[in-house]
Amino acid sequence: YSAGYADGVSADYSAGDIAAGVWAGDGPAGDDLDLEYFFGYTGIENLSLGVALADNNDNSETTNLMATYQYDAFTLMVENVDSEAFVPDSFELGDSKYTKKVVDTDVLSITAAYAMGDTTFAVRLADGEYTVDGTGFDYQKVSYSVFQALSDNASIGVEYSDQEIEGSADTDEFAVELLYVF
């Protein structure tokens, strides 16, 4: 869950309503050991709960808590991602570009979706804070999307997002997406 590609090995377990997994592999330097863990529970009808943890050898870590509830054609999803002490080579945040800075992230995302036959409409609200070398920036994003199933494995969609980051100009984004599940 710490982004990027890395060689590693995983062990997963699933029994009825419980799933768990652990991954161990190369860290950013290629010789560090990073660990990631997952636990999921689906023992309550229409509710899925999960937690993912990433503990990296560079002292960065991520905690991801997620819940999904489905009622009839409606789906409600809530997710919180809290990442601490990442030092990417470079990244952009709003109008600013950074190199080798410590980044902390704490973002809550809530999504409501409605399925109408093969078409799904969704609204996602994200709110949180990015902290770069001790300076916090409020973050908000609202996304609206429509997806049309093409088959059991593929769908196409359009999405519009309005993003606000403190100290930066607002950003409007539009995307056309093709999703393939295998």
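The sections below set out a description of the structure shown in this document. Worth saying up front: this structure is predicted, and the values here are computed from it rather than measured.

## Remarks on the overall build of the chain
- Counting secondary structure elements, the chain contains zero helices and 13 strands.
- Sequence-ordered secondary structure for the chain, helices as α and strands as β, is β-β-β-β-β-β-β-β-β-β-β-β-β.
- Buried positions account for 26% of the 182 residues belonging to the chain.
- Here the contacts in the chain between residues at least 6 apart in sequence split such that 31% fall between residues at least 24 apart.
- As displayed, the chain has an accessible area near 11,600 Å², and 55% of this comes from carbon and sulfur atoms.

## Let's talk about the side chain of S161
- Note on placement: S161 falls in strand β12 (residues 154-165).
- Of the polar contacts made by the side chain of S161, one reaches the side chain of S143; its length is 2.6 Å.
- In terms of polar contacts, S161 uses its side chain to reach the side chain of E159, at 3.4 Å.

## Some remarks on the nonpolar core
- In this structure, V107, A126, V132, F137, Y139 and I165 together form the largest nonpolar core, which totals six residues.
- Broken down by secondary-structure element, the contributors of at least two residues to this core are β10 (119-132) and β11 (135-149).
- Beyond its immediate stretch of four places on either side in the chain, A126 contacts V107, L108, S109, Y139, Q140 and K141.

## A few points about unusual backbone geometry
- For N46, which is not glycine, the phi dihedral falls at a positive 70°.
- Turning to its location among the elements, N46 is positioned in the loop between β3 (33-44) and β4 (47-55).
- Here D72, not a glycine, exhibits a phi torsion of approximately 55°, which is positive.
- Along the chain, D72 falls in the loop between β5 (61-71) and β6 (74-86).

## Some words on a negative patch on the surface
- Together, D55, E61, E84, D106, D127, E129, D138 and E166 make up a region of like negative charge exposed at the surface.
- With respect to the helices and strands, E61 occurs in strand β5.

## Considerations on the side chain of T119
- Within the fold, T119 resides in strand β10.
- At 2.4 Å, the side chain of T119 forms a polar contact with the side chain of Q148.
- If we skip the residues at most four places from it in the chain, T119 touches Y114, V146, F147 and Q148.

## Side note on the environment of A54
- Residue position: A54 is located in strand β4.
- The spatial distance from the C-alpha of A54 to the C-alpha of N64 is 8.7 Å, given a sequence separation of ten residues.

## Structural notes on the pattern of salt bridges
- Inspection of the entire model under this criterion finds two salt bridges.
- E159 serves as the salt-bridge partner of R124, at 3.2 Å between the closest nitrogen and oxygen. Here the residue R124 occupies a position in strand β10, and E159 occupies one in strand β12, the gap between them amounting to 35 residues.
- When its relative accessible area of 12% is taken as the criterion, E159 is described as buried.
- Note that K141 is salt-bridged to E173, the shortest N-O span being 3.4 Å. Taken together, the residues span a long stretch of sequence, with K141 in strand β11 and E173 in strand β13 (residues 171-180) at a distance of 32 residues.
- Relative accessible area serves as the criterion here: at 16%, K141 is assigned to the buried category.

Reading the values: rules and limits
- Residues numbered from 1 in each chain as written.
- Predicted model: local features only at pLDDT ≥ 70, side-chain atom pairs only at ≥ 80, totals over all residues.
- Heavy atoms only, no water.
- Helix = DSSP H or I, 4+ residues; strand = E, 2+ residues; numbered from the N terminus.
- Buried < 20%, exposed > 50% of the residue type's maximum accessible area, 1.4 Å probe, protein only.
- Contact = heavy atoms within 4.5 Å.
- Areas by Shrake-Rupley, 256 points an atom, 1.4 Å probe, with all protein chains shown as cover.
- Polar contact = N/O pair within 3.5 Å; in protein donor to acceptor, adjacent residues only side chain to side chain.
- Core = buried A, V, L, I, M, F, W, Y, C linked by side-chain atoms within 4.5 Å.
- Patch = residues over 30% accessible without salt bridge, like charges linked within 9 Å, V, L, I, M, F, W, Y side chains within 5 Å.
- Salt bridge = Lys/Arg side-chain N within 4 Å of Asp/Glu carboxyl O.
- Lys, Arg positive; Asp, Glu negative; His and termini not counted.
- Charge placed at Lys NZ, Arg CZ, Asp CG, Glu CD.

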